[in-house]
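Residues per chain, in single letters:
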Amino acid sequence: MRVCVVGSGAREHALAVVLGRTAEVVVTPGNPGIPGSTTQPVEEIVADLYVVGPEVPLVDGLADRLRATGALVFGPGADGARLEGSKEWMKELLVAAGVATADHASFTELEPALAYLDTMPGFYVVKTDGLAAGKGVLVTESIDEARDAVRSYLSGDAFGDAGRTVVIEEGLTGPELSVLAVCDGHRAVALAPAQDFKRFGDGDAGPNTGGMGAYSPVPAATEAMVAELMANSVTPTLTELRRRGIDYRGVLYAGIMLTPAGPKMLEYNVRFGDPEAQVVLPRMTSDLTALLAEAAAGKIEHEPTFSTDAAVTVVCAAEGYPQAPRSGDTIHGLSDARALEGVEVFCAGVAAGEAPGSLVTAGGRVLNVVGTAPTIAAARERAYAGVAAISWDGLAHRSDIARAAAQIVIDTDDLPATSEGRRP
Ligand code: AMP
Ligand code: GLY
(Lines give C-alpha, C1' and ligand atoms only; values in the text may rest on other atoms or scores of the structure.)
(Ligands and ions follow the chains in the order given, each with its own letter.)
Protein backbone atom coordinates (compact mmCIF):
# COMPACT_ATOMS: atom_id res chain seq x y z
CA MET A 1 0.00 0.00 0.00
CA ARG A 2 1.19 3.53 -0.76
CA VAL A 3 0.38 6.07 1.98
CA CYS A 4 0.61 9.85 1.71
CA VAL A 5 1.15 11.66 5.02
CA VAL A 6 0.32 15.38 5.03
CA GLY A 7 2.38 17.59 7.36
CA SER A 8 5.91 18.60 8.20
CA GLY A 9 6.61 17.98 11.87
CA ALA A 10 8.02 15.32 14.16
CA ARG A 11 4.53 13.80 14.45
CA GLU A 12 4.48 13.24 10.70
CA HIS A 13 8.03 11.82 10.89
CA ALA A 14 6.84 9.32 13.51
CA LEU A 15 3.77 8.50 11.40
CA ALA A 16 5.99 7.94 8.36
CA VAL A 17 8.35 5.62 10.25
CA VAL A 18 5.60 3.52 11.85
CA LEU A 19 3.41 3.40 8.71
CA GLY A 20 6.64 2.57 6.86
CA ARG A 21 6.83 -0.77 8.67
CA THR A 22 4.04 -2.01 6.39
CA ALA A 23 3.63 0.58 3.61
CA GLU A 24 5.46 2.71 1.10
CA VAL A 25 5.21 6.25 2.53
CA VAL A 26 5.49 9.68 0.97
CA VAL A 27 5.27 12.84 3.12
CA THR A 28 4.14 16.24 1.83
CA PRO A 29 5.64 18.74 2.38
CA GLY A 30 7.65 16.91 5.06
CA ASN A 31 11.07 18.35 5.83
CA PRO A 32 14.67 17.55 4.90
CA GLY A 33 14.98 15.32 7.98
CA ILE A 34 12.09 13.03 6.97
CA PRO A 35 12.94 10.43 4.32
CA GLY A 36 10.28 10.27 1.61
CA SER A 37 9.47 14.01 1.80
CA THR A 38 8.27 15.67 -1.37
CA THR A 39 7.27 19.21 -2.27
CA GLN A 40 4.64 17.83 -4.65
CA PRO A 41 1.20 19.05 -3.48
CA VAL A 42 -1.04 16.40 -1.95
CA GLU A 43 -3.60 16.82 -4.77
CA GLU A 44 -1.00 15.57 -7.24
CA ILE A 45 0.13 12.56 -5.21
CA VAL A 46 -1.40 9.20 -6.03
CA ALA A 47 -1.84 7.08 -2.91
CA ASP A 48 -4.07 4.32 -1.56
CA LEU A 49 -4.49 6.15 1.75
CA TYR A 50 -4.05 9.78 2.83
CA VAL A 51 -3.28 10.58 6.47
CA VAL A 52 -3.62 14.25 7.41
CA GLY A 53 -1.38 15.18 10.37
CA PRO A 54 -2.07 18.79 11.47
CA GLU A 55 -5.33 20.47 12.47
CA VAL A 56 -5.21 23.50 10.17
CA PRO A 57 -5.73 21.64 6.86
CA LEU A 58 -8.42 19.48 8.53
CA VAL A 59 -10.33 22.55 9.72
CA ASP A 60 -9.90 23.96 6.21
CA GLY A 61 -11.58 20.90 4.69
CA LEU A 62 -8.63 19.10 3.09
CA ALA A 63 -10.09 15.69 4.02
CA ASP A 64 -13.38 16.63 2.32
CA ARG A 65 -11.62 17.73 -0.85
CA LEU A 66 -9.59 14.52 -1.02
CA ARG A 67 -12.64 12.35 -0.29
CA ALA A 68 -14.54 14.12 -3.05
CA THR A 69 -12.03 12.60 -5.51
CA GLY A 70 -12.84 9.11 -4.19
CA ALA A 71 -9.67 8.86 -2.08
CA LEU A 72 -9.41 6.90 1.17
CA VAL A 73 -8.65 9.51 3.85
CA PHE A 74 -7.81 9.26 7.53
CA GLY A 75 -8.83 12.55 9.14
CA PRO A 76 -12.19 14.21 9.83
CA GLY A 77 -13.94 16.54 7.40
CA ALA A 78 -14.34 20.24 8.20
CA ASP A 79 -17.61 19.45 10.04
CA GLY A 80 -15.92 17.16 12.58
CA ALA A 81 -12.71 19.21 12.72
CA ARG A 82 -14.79 22.04 14.23
CA LEU A 83 -14.23 20.20 17.51
CA GLU A 84 -10.74 21.71 17.46
CA GLY A 85 -11.50 24.74 15.28
CA SER A 86 -14.08 26.16 17.70
CA LYS A 87 -13.80 25.64 21.44
CA GLU A 88 -17.26 27.17 21.87
CA TRP A 89 -18.76 24.53 19.57
CA MET A 90 -16.75 21.77 21.24
CA LYS A 91 -18.01 22.78 24.66
CA GLU A 92 -21.61 22.86 23.43
CA LEU A 93 -21.17 19.38 21.95
CA LEU A 94 -19.60 18.03 25.15
CA VAL A 95 -22.57 19.27 27.18
CA ALA A 96 -25.02 17.77 24.67
CA ALA A 97 -23.15 14.46 24.86
CA GLY A 98 -23.15 14.49 28.66
CA VAL A 99 -19.35 14.56 28.93
CA ALA A 100 -17.90 16.06 32.13
CA THR A 101 -16.01 19.29 31.44
CA ALA A 102 -15.09 22.54 33.23
CA ASP A 103 -17.92 25.03 33.89
CA HIS A 104 -17.69 27.66 31.21
CA ALA A 105 -19.34 30.38 29.16
CA SER A 106 -18.39 32.07 25.90
CA PHE A 107 -18.48 35.73 24.98
CA THR A 108 -18.03 38.13 22.10
CA GLU A 109 -18.63 41.29 24.19
CA LEU A 110 -16.26 42.69 26.81
CA GLU A 111 -18.59 43.75 29.63
CA PRO A 112 -20.42 40.43 30.12
CA ALA A 113 -17.10 38.59 29.88
CA LEU A 114 -15.56 40.73 32.63
CA ALA A 115 -18.70 40.34 34.74
CA TYR A 116 -18.47 36.55 34.39
CA LEU A 117 -14.82 36.62 35.54
CA ASP A 118 -15.99 38.42 38.68
CA THR A 119 -18.26 35.49 39.55
CA MET A 120 -15.38 33.00 39.48
CA PRO A 121 -13.58 31.77 42.60
CA GLY A 122 -10.04 32.98 41.85
CA PHE A 123 -8.66 30.55 39.27
CA TYR A 124 -9.31 31.65 35.71
CA VAL A 125 -8.90 30.07 32.31
CA VAL A 126 -9.34 32.19 29.18
CA LYS A 127 -9.26 30.54 25.75
CA THR A 128 -9.57 31.74 22.19
CA ASP A 129 -12.48 30.09 20.43
CA GLY A 130 -10.42 29.55 17.28
CA LEU A 131 -7.06 27.97 16.48
CA ALA A 132 -4.01 29.66 18.00
CA ALA A 133 -1.25 27.04 17.59
CA GLY A 134 -1.65 25.86 21.18
CA LYS A 135 -0.94 29.35 22.55
CA GLY A 136 -4.44 30.77 23.00
CA VAL A 137 -5.00 29.45 26.54
CA LEU A 138 -4.25 31.50 29.64
CA VAL A 139 -4.43 29.79 33.04
CA THR A 140 -4.01 32.26 35.89
CA GLU A 141 -4.90 33.12 39.47
CA SER A 142 -4.66 36.82 38.69
CA ILE A 143 -7.95 38.50 37.82
CA ASP A 144 -6.02 41.40 36.25
CA GLU A 145 -4.16 39.04 33.94
CA ALA A 146 -7.44 37.29 33.06
CA ARG A 147 -9.11 40.66 32.33
CA ASP A 148 -6.18 41.77 30.16
CA ALA A 149 -6.36 38.51 28.22
CA VAL A 150 -10.10 38.90 27.63
CA ARG A 151 -9.53 42.45 26.34
CA SER A 152 -6.65 41.56 24.04
CA TYR A 153 -8.39 38.44 22.71
CA LEU A 154 -11.76 40.13 22.02
CA SER A 155 -10.16 43.15 20.36
CA GLY A 156 -8.33 40.88 17.93
CA ASP A 157 -4.96 42.27 19.05
CA ALA A 158 -3.64 39.01 20.49
CA PHE A 159 -4.88 36.32 18.10
CA GLY A 160 -6.78 38.08 15.32
CA ASP A 161 -10.17 36.59 14.52
CA ALA A 162 -9.41 33.41 16.52
CA GLY A 163 -9.88 35.42 19.73
CA ARG A 164 -12.98 37.45 18.85
CA THR A 165 -14.99 34.85 20.72
CA VAL A 166 -13.51 33.82 24.08
CA VAL A 167 -14.34 30.83 26.24
CA ILE A 168 -13.89 31.48 29.95
CA GLU A 169 -13.85 28.47 32.22
CA GLU A 170 -13.21 27.43 35.79
CA GLY A 171 -9.64 26.46 36.57
CA LEU A 172 -9.22 22.77 37.29
CA THR A 173 -6.34 20.96 38.93
CA GLY A 174 -4.88 17.51 38.58
CA PRO A 175 -2.60 15.46 36.37
CA GLU A 176 -3.34 15.53 32.66
CA LEU A 177 -3.74 12.59 30.36
CA SER A 178 -3.90 12.33 26.59
CA VAL A 179 -6.04 9.51 25.22
CA LEU A 180 -5.87 9.23 21.46
CA ALA A 181 -8.75 7.26 19.99
CA VAL A 182 -8.96 6.07 16.39
CA CYS A 183 -12.53 6.44 15.06
CA ASP A 184 -14.27 4.92 12.05
CA GLY A 185 -17.42 7.05 12.28
CA HIS A 186 -19.21 4.50 14.49
CA ARG A 187 -16.63 3.12 16.87
CA ALA A 188 -13.61 4.50 18.70
CA VAL A 189 -10.64 2.39 19.82
CA ALA A 190 -8.10 3.77 22.30
CA LEU A 191 -4.39 3.84 21.64
CA ALA A 192 -1.98 3.59 24.59
CA PRO A 193 -2.33 6.65 26.85
CA ALA A 194 0.37 9.30 27.04
CA GLN A 195 1.19 12.36 29.07
CA ASP A 196 2.72 15.47 27.62
CA PHE A 197 4.47 18.48 29.13
CA LYS A 198 3.02 21.72 27.81
CA ARG A 199 5.01 24.30 29.76
CA PHE A 200 8.39 25.41 28.51
CA GLY A 201 10.41 25.08 31.71
CA ASP A 202 11.30 22.45 34.28
CA GLY A 203 8.73 22.04 37.05
CA ASP A 204 6.00 23.26 34.64
CA ALA A 205 7.33 26.83 34.76
CA GLY A 206 7.16 29.29 31.89
CA PRO A 207 4.82 29.74 28.95
CA ASN A 208 2.58 27.14 27.33
CA THR A 209 4.11 25.55 24.24
CA GLY A 210 3.02 22.99 21.67
CA GLY A 211 4.58 20.38 23.99
CA MET A 212 8.12 19.89 25.32
CA GLY A 213 8.08 16.14 25.86
CA ALA A 214 5.88 13.12 26.49
CA TYR A 215 5.89 9.55 27.69
CA SER A 216 3.80 6.41 27.36
CA PRO A 217 2.48 4.31 29.07
CA VAL A 218 1.20 6.43 31.98
CA PRO A 219 1.34 4.64 35.36
CA ALA A 220 -1.74 6.52 36.62
CA ALA A 221 -3.82 5.51 33.60
CA THR A 222 -4.99 2.01 34.37
CA GLU A 223 -6.83 -0.15 31.89
CA ALA A 224 -10.05 0.40 33.86
CA MET A 225 -9.58 4.18 33.75
CA VAL A 226 -9.03 4.22 29.99
CA ALA A 227 -12.06 1.96 29.46
CA GLU A 228 -14.17 4.29 31.57
CA LEU A 229 -12.97 7.38 29.72
CA MET A 230 -13.80 5.72 26.43
CA ALA A 231 -17.25 4.68 27.65
CA ASN A 232 -18.18 7.96 29.38
CA SER A 233 -16.47 10.54 27.19
CA VAL A 234 -15.09 9.50 23.81
CA THR A 235 -17.83 7.13 22.66
CA PRO A 236 -20.66 9.53 23.69
CA THR A 237 -18.83 12.28 21.76
CA LEU A 238 -18.64 10.12 18.64
CA THR A 239 -22.32 9.21 19.06
CA GLU A 240 -23.29 12.89 19.37
CA LEU A 241 -21.25 13.71 16.25
CA ARG A 242 -23.06 10.95 14.41
CA ARG A 243 -26.44 12.20 15.66
CA ARG A 244 -25.55 15.54 14.04
CA GLY A 245 -24.80 13.78 10.78
CA ILE A 246 -21.01 13.93 11.12
CA ASP A 247 -19.18 10.80 9.97
CA TYR A 248 -16.00 11.20 12.02
CA ARG A 249 -13.11 9.14 10.65
CA GLY A 250 -9.86 10.14 12.29
CA VAL A 251 -8.30 10.67 15.69
CA LEU A 252 -10.30 11.98 18.61
CA TYR A 253 -7.58 13.17 20.94
CA ALA A 254 -9.07 13.62 24.39
CA GLY A 255 -7.14 16.01 26.63
CA ILE A 256 -8.29 15.04 30.10
CA MET A 257 -7.60 16.39 33.57
CA LEU A 258 -7.84 13.90 36.42
CA THR A 259 -9.43 16.26 38.96
CA PRO A 260 -10.30 15.40 42.57
CA ALA A 261 -13.95 15.34 41.35
CA GLY A 262 -13.16 12.81 38.61
CA PRO A 263 -11.85 13.07 35.05
CA LYS A 264 -12.91 16.15 33.08
CA MET A 265 -12.45 16.83 29.39
CA LEU A 266 -10.28 19.88 28.78
CA GLU A 267 -10.38 19.72 25.02
CA TYR A 268 -10.60 17.59 21.95
CA ASN A 269 -8.05 17.72 19.19
CA VAL A 270 -8.89 16.17 15.85
CA ARG A 271 -5.48 14.67 15.05
CA PHE A 272 -2.62 12.81 16.65
CA GLY A 273 -0.98 14.70 19.51
CA ASP A 274 2.44 16.19 18.96
CA PRO A 275 4.62 15.02 20.77
CA GLU A 276 2.30 12.25 22.07
CA ALA A 277 2.32 10.43 18.72
CA GLN A 278 6.11 10.18 18.92
CA VAL A 279 5.83 7.97 22.02
CA VAL A 280 2.54 6.18 21.32
CA LEU A 281 3.04 5.09 17.70
CA PRO A 282 6.52 3.52 18.06
CA ARG A 283 5.08 1.26 20.79
CA MET A 284 2.49 -0.22 18.45
CA THR A 285 2.89 -3.91 17.76
CA SER A 286 -0.09 -4.15 15.42
CA ASP A 287 -0.24 -2.71 11.90
CA LEU A 288 -0.85 1.07 11.97
CA THR A 289 -1.40 1.22 8.21
CA ALA A 290 -4.17 -1.38 8.42
CA LEU A 291 -5.79 0.37 11.40
CA LEU A 292 -5.89 3.78 9.72
CA ALA A 293 -7.05 2.29 6.40
CA GLU A 294 -9.86 0.42 8.17
CA ALA A 295 -10.91 3.56 10.07
CA ALA A 296 -10.82 5.61 6.86
CA ALA A 297 -12.99 2.97 5.16
CA GLY A 298 -15.55 3.14 8.01
CA LYS A 299 -14.93 -0.21 9.74
CA ILE A 300 -12.18 -0.94 12.25
CA GLU A 301 -11.72 -4.73 12.25
CA HIS A 302 -8.55 -5.13 14.33
CA GLU A 303 -7.88 -3.69 17.78
CA PRO A 304 -4.50 -1.97 18.11
CA THR A 305 -1.92 -3.63 20.37
CA PHE A 306 1.13 -2.17 22.07
CA SER A 307 4.50 -3.30 23.33
CA THR A 308 5.00 -3.24 27.10
CA ASP A 309 8.13 -1.20 26.48
CA ALA A 310 7.93 2.44 27.54
CA ALA A 311 8.82 5.40 25.35
CA VAL A 312 9.93 8.86 26.46
CA THR A 313 10.47 11.81 24.15
CA VAL A 314 12.32 15.05 24.84
CA VAL A 315 11.74 18.00 22.52
CA CYS A 316 14.83 19.95 21.55
CA ALA A 317 13.83 23.54 20.76
CA ALA A 318 15.56 26.49 19.14
CA GLU A 319 16.93 29.49 21.01
CA GLY A 320 14.06 31.89 21.68
CA TYR A 321 11.21 29.32 21.56
CA PRO A 322 8.29 29.80 22.07
CA GLN A 323 8.30 33.60 21.59
CA ALA A 324 10.79 34.12 18.75
CA PRO A 325 12.73 31.02 17.76
CA ARG A 326 16.03 31.62 15.96
CA SER A 327 16.69 29.79 12.70
CA GLY A 328 19.86 28.77 10.92
CA ASP A 329 21.90 27.12 13.70
CA THR A 330 23.77 24.04 12.48
CA ILE A 331 22.64 20.78 14.11
CA HIS A 332 25.41 18.42 15.24
CA GLY A 333 25.39 14.86 16.52
CA LEU A 334 22.23 13.46 14.90
CA SER A 335 23.88 10.28 13.69
CA ASP A 336 25.65 9.82 17.05
CA ALA A 337 22.29 10.00 18.82
CA ARG A 338 20.69 7.60 16.35
CA ALA A 339 23.53 5.11 16.83
CA LEU A 340 22.60 4.70 20.52
CA GLU A 341 20.56 1.64 21.45
CA GLY A 342 16.83 2.36 21.78
CA VAL A 343 17.15 5.95 20.51
CA GLU A 344 15.24 7.43 17.60
CA VAL A 345 15.21 11.06 16.43
CA PHE A 346 12.22 12.64 14.68
CA CYS A 347 12.71 15.92 12.85
CA ALA A 348 10.39 18.94 12.90
CA GLY A 349 11.76 22.48 12.44
CA VAL A 350 14.79 21.67 10.30
CA ALA A 351 16.11 22.87 6.93
CA ALA A 352 18.95 21.67 4.74
CA GLY A 353 22.31 23.21 5.66
CA GLU A 354 25.03 24.24 3.21
CA ALA A 355 27.16 21.13 3.72
CA PRO A 356 25.66 18.11 1.91
CA GLY A 357 23.42 16.12 4.28
CA SER A 358 23.63 18.70 7.06
CA LEU A 359 20.61 20.20 8.81
CA VAL A 360 20.04 23.60 10.44
CA THR A 361 17.32 24.79 12.80
CA ALA A 362 14.23 26.21 11.07
CA GLY A 363 11.45 26.44 13.61
CA GLY A 364 10.63 26.39 17.31
CA ARG A 365 10.45 22.70 18.09
CA VAL A 366 13.38 21.34 16.10
CA LEU A 367 13.79 17.66 17.01
CA ASN A 368 12.23 14.97 19.18
CA VAL A 369 14.59 12.46 20.72
CA VAL A 370 12.74 9.26 21.67
CA GLY A 371 14.12 6.63 24.02
CA THR A 372 12.49 3.20 24.17
CA ALA A 373 13.22 0.60 26.86
CA PRO A 374 11.47 -1.90 29.14
CA THR A 375 10.85 0.71 31.87
CA ILE A 376 10.03 4.43 31.88
CA ALA A 377 13.22 5.08 33.85
CA ALA A 378 15.40 3.29 31.29
CA ALA A 379 13.57 4.89 28.35
CA ARG A 380 14.13 8.28 29.96
CA GLU A 381 17.85 7.61 30.35
CA ARG A 382 18.08 6.64 26.71
CA ALA A 383 16.18 9.74 25.56
CA TYR A 384 18.46 12.02 27.56
CA ALA A 385 21.58 10.20 26.35
CA GLY A 386 20.34 10.94 22.83
CA VAL A 387 19.78 14.60 23.70
CA ALA A 388 23.31 14.80 25.14
CA ALA A 389 24.74 13.62 21.81
CA ILE A 390 23.02 16.47 19.92
CA SER A 391 24.01 20.12 19.92
CA TRP A 392 23.46 23.49 18.29
CA ASP A 393 23.81 27.05 19.53
CA GLY A 394 20.94 27.80 21.87
CA LEU A 395 19.45 24.26 22.04
CA ALA A 396 16.79 24.27 24.78
CA HIS A 397 15.09 21.30 26.39
CA ARG A 398 13.42 20.37 29.64
CA SER A 399 15.42 18.11 31.93
CA ASP A 400 12.49 16.71 33.92
CA ILE A 401 10.43 14.94 31.26
CA ALA A 402 8.92 11.76 32.79
CA ARG A 403 11.07 12.18 35.89
CA ALA A 404 8.20 11.69 38.33
CA ALA A 405 6.71 8.79 36.34
CA ALA A 406 10.09 7.07 36.24
CA GLN A 407 10.09 6.97 40.03
CA ILE A 408 6.67 5.42 40.40
CA VAL A 409 6.67 1.77 41.28
CA ILE A 410 3.96 0.33 39.09
CA ASP A 411 1.56 -2.39 39.99
CA THR A 412 2.04 -4.03 36.62
CA ASP A 413 -1.27 -5.88 36.77
CA ASP A 414 -3.08 -2.54 36.50
CA LEU A 415 -1.60 -1.50 33.19
CA PRO A 416 -3.57 -1.81 29.96
CA ALA A 417 -3.42 -5.21 28.31
CA THR A 418 -0.48 -5.54 25.97
CA SER A 419 0.79 -8.01 23.49
CA GLU A 420 4.13 -8.96 24.99
CA GLY A 421 5.24 -10.52 28.21
CA ARG A 422 7.35 -7.76 29.77
CA ARG A 423 5.79 -4.88 31.61
CA PRO A 424 7.37 -1.52 32.47
P1 AMP B 1 -6.34 23.25 25.87
O2 AMP B 1 -5.74 23.77 24.58
O3 AMP B 1 -7.77 23.61 26.04
O4 AMP B 1 -6.04 21.82 26.15
O5 AMP B 1 -5.50 23.98 27.00
C6 AMP B 1 -4.08 23.89 27.04
C7 AMP B 1 -3.62 23.60 28.43
O8 AMP B 1 -4.13 24.58 29.33
C9 AMP B 1 -4.14 22.27 28.98
O10 AMP B 1 -3.34 21.19 28.61
C11 AMP B 1 -4.07 22.53 30.47
O12 AMP B 1 -2.75 22.38 30.94
C13 AMP B 1 -4.45 23.99 30.57
N14 AMP B 1 -5.90 24.10 30.81
C15 AMP B 1 -6.89 24.14 29.88
N16 AMP B 1 -8.10 24.23 30.45
C17 AMP B 1 -7.89 24.25 31.79
C18 AMP B 1 -8.75 24.35 32.95
N19 AMP B 1 -10.07 24.46 32.83
N20 AMP B 1 -8.15 24.34 34.15
C21 AMP B 1 -6.80 24.26 34.30
N22 AMP B 1 -5.95 24.17 33.25
C23 AMP B 1 -6.47 24.16 32.01
N1 GLY C 1 0.59 17.89 22.67
C2 GLY C 1 -0.50 18.76 22.54
C3 GLY C 1 -1.10 18.80 21.20
O4 GLY C 1 -0.75 18.04 20.32
O5 GLY C 1 -1.97 19.62 21.01
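Now for a quick tour of the structure. (Residues numbered from 1 in each chain as written. Chains lettered and ligands numbered in written order. Predicted model: local features only at pLDDT ≥ 70, side-chain atom pairs only at ≥ 80, totals over all residues. Heavy atoms only, no water.)

## Things to note about the packing of aromatic side chains
According to the stated counting rule, one finds 5 aromatic pairs in the structure shown. Relative to Tyr116, the ring of Phe107 lies with its centre 5.4 Å away and its plane at 50°, an arrangement referred to as tilted. Ring centres of Phe200 and Tyr321 lie 6.4 Å apart, and the angle between their planes is 55°; on these two criteria the pair is classed as tilted. Linking Phe200 in strand β12 (residues 199-201) with Tyr321 in the loop between β17 (310-317) and α11 (334-339), this pair joins segments that are 121 residues apart in sequence. By relative accessible area, which is 9% here, Tyr321 ends up buried. Directly above the aromatic system of Tyr253 lies the positively charged group of Arg271, at a separation of 5.8 Å from the ring centroid. (Phe/Tyr/Trp six-rings, centres within 6.5 Å; stacked < 30°, edge-to-face > 60°. Helix = DSSP H or I, 4+ residues; strand = E, 2+ residues; numbered from the N terminus. Buried < 20%, exposed > 50% of the residue type's maximum accessible area, 1.4 Å probe, protein only. Lys NZ or Arg CZ within 6 Å of the ring centre and 35° of its normal.)

## Topic: the site of ligand 2
As a structural note, the neighbourhood of ligand 2 is formed by Asp196, Lys198, Gly210, Tyr253, Asn269, Arg271, Gly273, Asp274, Pro275 and Glu276. Interatomic distance of 2.9 Å between a backbone N/O atom of Asp274 and an oxygen atom of ligand 2. Between a nitrogen atom of ligand 2 and a side-chain N or O atom of Glu276, the distance comes to 2.8 Å. Protein burial of ligand 2: of its 200 Å² of free accessible surface, 89% is covered by the chains. The residue inventory of the shell around ligand 2, partitioned by class, reads 2 nonpolar, 3 polar and 5 charged. (Near = heavy atom within 4 Å. Polar contact = N/O pair within 3.5 Å; in protein donor to acceptor, adjacent residues only side chain to side chain. Areas by Shrake-Rupley, 256 points an atom, 1.4 Å probe, with all protein chains shown as cover. Nonpolar A, V, L, I, M, F, W, Y, C, P; charged D, E, K, R; others polar.)

## Comments concerning the nonpolar core
Core analysis: the biggest nonpolar cluster contains 72 residues, and Leu83, Tyr268, Ile331, Leu367 and Ile390 have the highest contact counts within it. Excluding residues that lie within four positions of it along the chain, Tyr268 makes contacts with Leu83, Glu84, Met90, Leu94, Ser233, Val234, Thr237, Leu252, Tyr253 and Ala254. (Core = buried A, V, L, I, M, F, W, Y, C linked by side-chain atoms within 4.5 Å. Contact = heavy atoms within 4.5 Å.)

## Re the site of ligand 1
The environment of ligand 1 is made up of 15 residues, and the closest members are Lys127, Glu169, Leu172, Glu176 and Glu267. Here a nitrogen atom of ligand 1 and a backbone polar atom of Leu172 are 2.8 Å apart. In this structure, an oxygen atom belonging to ligand 1 sits 2.9 Å away from a side-chain N or O atom of Lys198. Against a free-state accessible area of 470 Å², the protein chains account for coverage of 92% of ligand 1. Among the elements of the structure, β6 (124-128), β7 (137-140), β8 (166-170) and β16 (262-269) are those that each provide at least two residues to the shell around ligand 1. Class assignment of the residues belonging to the shell around ligand 1 gives a composition of 7 nonpolar, 1 polar and 7 charged.

## So, the pairing of strand β5 (residues 104-107)
Residues Ala105 and Phe107 point to one face of β5 and are all buried, whereas His104 and Ser106, pointing to the other face, are not buried. When β5 meets β8, the two strands line up antiparallel, connected through 4 bridges. Looking across to β8, one finds that Ser106 is bridged to Val167. (Pairing = 2+ DSSP bridges.)

## Let's talk about unusual backbone geometry
In the segment running from Asp274 into Pro275, the intervening peptide bond is cis, with an omega of 25°. Mapped onto the elements, Pro275 comes out in the loop between β16 and α9 (276-280). Although it is not a glycine, Asp204 sits at a positive phi angle of roughly 60°. Within the element layout of this structure, Asp204 appears in the loop between β12 and β13 (205-208).

## Comments concerning the packing of helix α1 (residues 10-19) against helix α10 (residues 288-297)
Across the interface, α1 lies against α10 with an axial gap of 8 Å and an inter-helix angle of 105°. In this view, α1 runs roughly perpendicular relative to α10, as classed from their interaxial angle. In contact with Leu15, Val18 and Leu19 of α1, α10 contributes Leu288, Thr289 and Leu292. Residue composition of the contact of α1 with α10, by class: 5 nonpolar, 1 polar and no charged. (Axes fitted to C-alpha atoms, helices over the stretch in contact; angles between N-to-C directions. Parallel < 35°, antiparallel > 145°, perpendicular 65-115°, else oblique.)

## Structural notes on the sheet that holds strand β14 (residues 213-216)
Strand order in the open sheet formed by 5 strands is β11-β14-β17-β21-β18, and the pairing between neighbours is antiparallel. The open sheet terminates on both sides in strands that have one partner only, identified here as β11 (195-196) and β18 (343-347). By the bridge criterion, 8 bridges tie β17 to strand β21 (residues 365-373) in an arrangement that is antiparallel. In the strand pairing of β21, Ala310 is matched with Ala373. Of the strands in this sheet, β18 and β21 touch α1, which is tilted by about 125° from β18.

## A word on helix α12 (residues 376-389)
It helps to recall that an α-helix has 3.6 residues per turn; residues three or four apart then point in one direction. An ideal rise of 1.5 Å per residue puts 20 Å on 14 residues; α12 measures up with 20 Å between its terminal C-alpha atoms. All of the buried residues in α12 are Ile376, Ala379, Arg380, Ala383, Tyr384, Gly386 and Val387. Buried residues of α12, seen end-on, are gathered within an arc of 150° and therefore sit on one face of the element. Exposed side of α12, more than 90 degrees from the buried face: Glu381 and Ala388 are the residues found there. As for α12, its buried residues are in contact with β14, β17, α11, β18, β21 and α13 (403-407). (Expected span 1.5 Å × (residues − 1). Arc of directions from axis to C-beta.)

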